[in-house]
Amino acid sequence: RSRLGLASVAVLGVLVVFAGLAAGWGLSAGYLNIKLNVSIIQVLPFLLVGLGVNDLFLIISAYVQVIFLGKAGLASHVVVGEVLAEVGPAISLTTVANVCAFLVGRYFEMRLIRDFSTVAAICSATIFFGLLFGFSSVLAVHAAFCAPPPLETPQQPTADDDDDDDRGDEHQKKKK
């Protein structure tokens with residue numbers, strides 16, 4: 001139950017982003033028969049890993065707020081639900097905007113630009129789904145096994161909790 005667990009969550013998140021990039025390359029080359037050229041292999045990872053890590057940062061930031069600052073002690077599925085409710089619309093909107101912007105490149109006549117933009121759109125989508133499904137599973141495991149225990153709040157005295165010690169045993173017997 002240390003912050004080392006949170007560092008490992010971040011490293012696993014970056015690996016999920018790279019796996020989404022590789023999945024996008026595989027879908028592009030395998031199903032669409034796009035030949036992966038030098039610009040796709042050397043430029044696209046920097047662009048898309050940056051976009052994926054941005055979404056990852058938002059997810060981890062919301063996770064830290066839920067776990068450490070707000071609602072510690074919740075069930076793991078509730079924690080993931082809170083996190084995705086917080087950042088899900090934002091990362092979904094940015095991913096849709098990125099995919100649409102990359103797909104505009106399909107209207108260029110140069111095959112190199114068309115292929116680059118198509119692969120970028122597919123990789124953006126696969127990174128998003130990797131973060132949505134794969135990384136949320138990592139968060140659920142971390143929340144279940146490594147999250148800090150809930151903070152104990154001191155109990156507030158109620159009207160019935162008078163100082164019974166001052167009255168002695170006779171008052172206790174009369175009360176019963």
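Here is a short report on the structure shown in this document. Treat the numbers as computed from the prediction; the structure is a model and nothing was measured.

What counts, and where the lines are drawn
Residues numbered from 1 in each chain as written. Predicted model: local features only at pLDDT ≥ 70, side-chain atom pairs only at ≥ 80, totals over all residues. Heavy atoms only, no water. Core = buried A, V, L, I, M, F, W, Y, C linked by side-chain atoms within 4.5 Å. Buried < 20%, exposed > 50% of the residue type's maximum accessible area, 1.4 Å probe, protein only. Helix = DSSP H or I, 4+ residues; strand = E, 2+ residues; numbered from the N terminus. Contact = heavy atoms within 4.5 Å. Expected span 1.5 Å × (residues − 1). Bend = angle between axes of the 7 residues up to and from the residue. Salt bridge = Lys/Arg side-chain N within 4 Å of Asp/Glu carboxyl O. Patch = residues over 30% accessible without salt bridge, like charges linked within 9 Å, V, L, I, M, F, W, Y side chains within 5 Å. Areas by Shrake-Rupley, 256 points an atom, 1.4 Å probe, with all protein chains shown as cover. Phe/Tyr/Trp six-rings, centres within 6.5 Å; stacked < 30°, edge-to-face > 60°.

**So, the nonpolar core**
- In this structure, Ile59, Tyr63, Val83, Leu131, Phe135 and Leu139 are the most contacted members of the largest nonpolar core, which totals 36 residues.
- Going through the elements one at a time, α1 (3–30), α3 (44–70), α4 (76–104) and α5 (111–145) are the ones with two or more residues in this core.
- With 12 residues, α5 is the largest single contributor of residues to this core.
- With near-sequence residues (within four places) excluded, Tyr63 lies in contact with Leu6, Val79, Val83, Leu139, His142 and Ala143.

**Here we look at α4**
- In a regular helix each residue adds 1.5 Å, so 29 residues correspond to 42 Å; α4 covers 40 Å between its end C-alpha atoms and thus fits that length.
- In α4, a bend of some 50 degrees at Val87 exceeds every other bend along the element, and Pro89, a proline, comes one to four places later.
- Every buried residue of α4 is accounted for by Val79, Val80, Val83, Val87, Gly88, Ile91, Thr95, Val99 and Phe102.

**A word on the pattern of salt bridges**
- Inspection of every chain in the model, using the stated rule, returns 1 salt bridge.
- Between Asp115 and Arg111 there is a salt bridge, with the nearest N and O atoms lying 3.6 Å from each other. Here Asp115 and its partner Arg111 are both found in helix α5, 4 residues apart, which amounts to about one turn of the helix.
- Of the residues examined, Arg111 reaches a relative accessible area of 48% and is grouped as partly exposed.

**Thoughts on α5**
- With 35 residues, α5 extends 49 Å from end C-alpha to end C-alpha; this agrees with the ideal 51 Å at 1.5 Å per step.
- When the local axis directions of α5 are compared, the greatest deviation, roughly 30 degrees, occurs at Leu131.

**With respect to a nonpolar patch on the surface**
- A surface patch of nonpolar side chains, about 380 Å² in accessible area, is lined by Phe108, Met110, Leu112 and Ile113.
- Here Phe108 lies in the loop between α4 and α5.
- When its relative accessible area of 48% is taken as the criterion, Phe108 is described as partly exposed.

**Considerations on the side chain of Ser28**
- Relative to the elements of secondary structure, Ser28 occurs in helix α1.
- In contact with Ser28, not counting residues within four places along its chain, are Asn33, Ile34, Val119 and Ile122.

**What about the packing of aromatic side chains?**
- All told, the structure shown has 2 aromatic pairs when counted by the stated rule.
- For the pair Phe128 and Phe129, a centre-to-centre distance of 5.3 Å together with 65 degrees between the ring planes defines the contact as edge-to-face.
- Look at Phe129 and Phe133: their rings are 6.2 Å apart centre to centre, the planes differ by 10 degrees, and that puts the pair in the stacked class. Taken together, the residues span about one helical turn, with Phe129 and Phe133 both in helix α5 at a distance of 4 residues.
- By relative accessible area, which is 54% here, Phe133 ends up exposed.
- The structure contains a cluster of three or more aromatic residues connected by ring pairs, namely Phe128, Phe129 and Phe133.

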